[in-house]
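Here's the letter readout for the chains.
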Amino acid sequence: MGLAFSLSLAVMAVAEPADNKKVKTVELPEMKPVKLKAYAQLEKNAHLEPSGMVKSRTHPNLFWTLNDSGDGARIFPHDRNGKLYNERTEGVPIYGAYNVDWEDMT
């Protein structure tokens, strides 16, 4: 199943500045929707409530994911097809950390 979204922005001034100078308005061109399609599906525990994904800076084709609150402080290594590396179904623990509403990773 494909996903699509539309991005269109318009920036307009709605109030006069305090020094009574004119405010410029900007109209951005309309953009056509971008059609997205799923590339891979995450497997096992890492898809419970994925909240972020980042590509490894040091290992080609390795991606790290995390789950949102309610899960332990752990991250999951995946290949580019969504398969867990080395059957790491329990993830990689982040000792000394607590998963409190983790939303993204970079």
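Remember, predicted model here, so these are calculated numbers, not experimental data.

## Some remarks on the nonpolar core
Logical step 1: Membership of the largest hydrophobic core is limited to 5 residues, which are L66, A73, I75, W102 and M105.
Logical step 2: For I75, the residues in contact, after removing those within four places along its chain, are W64, T65, L66, G91, V92, I94 and M105.

## Structural notes on a negative patch on the surface
Logical step 1: Together, E49, D101, E103 and D104 line one region of the surface with negative charge.
Logical step 2: Note that E49 resides in the loop between β4 (34-37) and β5 (50-55).

## Some words on the pattern of salt bridges
Side-chain pairing between opposite charges can occur once the charged atoms of the two side chains come close.
Logical step 1: For the coordinates displayed, the defined rule picks out 2 salt bridges.
Logical step 2: Measuring nitrogen to oxygen at the nearest pair gives 2.8 Å for the salt bridge that ties D71 to R74. As far as the burial class goes, D71 and R74 line up, both buried.
Logical step 3: We note a salt bridge from E90 to R74, for which the minimum N-O separation is 3.9 Å. Taken together, the residues span a long stretch of sequence, with E90 in the loop between β7 (74-79) and β8 (92-93) and R74 in strand β7 at a distance of 16 residues.
Logical step 4: Using a relative accessible area of 56% as the deciding quantity, one classes E90 as exposed.
Logical step 5: The structure contains a network of salt bridges with shared partners spanning D71, R74 and E90.

## Considerations on the sheet that holds β8
Logical step 1: Across the sheet, 4 strands lie side by side as β5-β6-β7-β8; this open sheet has antiparallel pairing. Unpaired on one side and paired on the other, β5 and β8 mark the two borders of the sheet.
Logical step 2: Sheet topology note: the β7/β8 ladder contains 2 bridges and is antiparallel. By the bridge assignment, I75 is partnered in β8 with V92.

## Some words on the environment of R74
Logical step 1: Residue R74 is classed as buried on the basis of its relative accessible area of 14%.
Logical step 2: In terms of polar contacts, R74 uses its side chain to reach the backbone carbonyl oxygen of E90, at 3.0 Å.

## Focus on the side chain of D71
Logical step 1: Of note, D71 is situated in the loop between β6 (62-67) and β7.
Logical step 2: The exposure class of D71 is buried, given its relative accessible area of 18%.
Logical step 3: At 2.8 Å, the side chain of D71 forms a polar contact with the side chain of R74.
Logical step 4: Once residues lying within four places of it in the same chain are set aside, the contact partners of D71 are F76 and N99.

## Points about the packing of aromatic side chains
Logical step 1: If you walk through the whole model with that rule in mind, you get 0 aromatic pairs.
Logical step 2: Sitting above the plane of the F63 ring, K55 keeps its charged end 5.8 Å from the centroid.

So, how was this worked out
Residues numbered from 1 in each chain as written. Predicted model: local features only at pLDDT ≥ 70, side-chain atom pairs only at ≥ 80, totals over all residues. Heavy atoms only, no water. Core = buried A, V, L, I, M, F, W, Y, C linked by side-chain atoms within 4.5 Å. Buried < 20%, exposed > 50% of the residue type's maximum accessible area, 1.4 Å probe, protein only. Contact = heavy atoms within 4.5 Å. Patch = residues over 30% accessible without salt bridge, like charges linked within 9 Å, V, L, I, M, F, W, Y side chains within 5 Å. Areas by Shrake-Rupley, 256 points an atom, 1.4 Å probe, with all protein chains shown as cover. Salt bridge = Lys/Arg side-chain N within 4 Å of Asp/Glu carboxyl O. Lys, Arg positive; Asp, Glu negative; His and termini not counted. Charge placed at Lys NZ, Arg CZ, Asp CG, Glu CD. Helix = DSSP H or I, 4+ residues; strand = E, 2+ residues; numbered from the N terminus. Pairing = 2+ DSSP bridges. Polar contact = N/O pair within 3.5 Å; in protein donor to acceptor, adjacent residues only side chain to side chain. Phe/Tyr/Trp six-rings, centres within 6.5 Å; stacked < 30°, edge-to-face > 60°. Lys NZ or Arg CZ within 6 Å of the ring centre and 35° of its normal.

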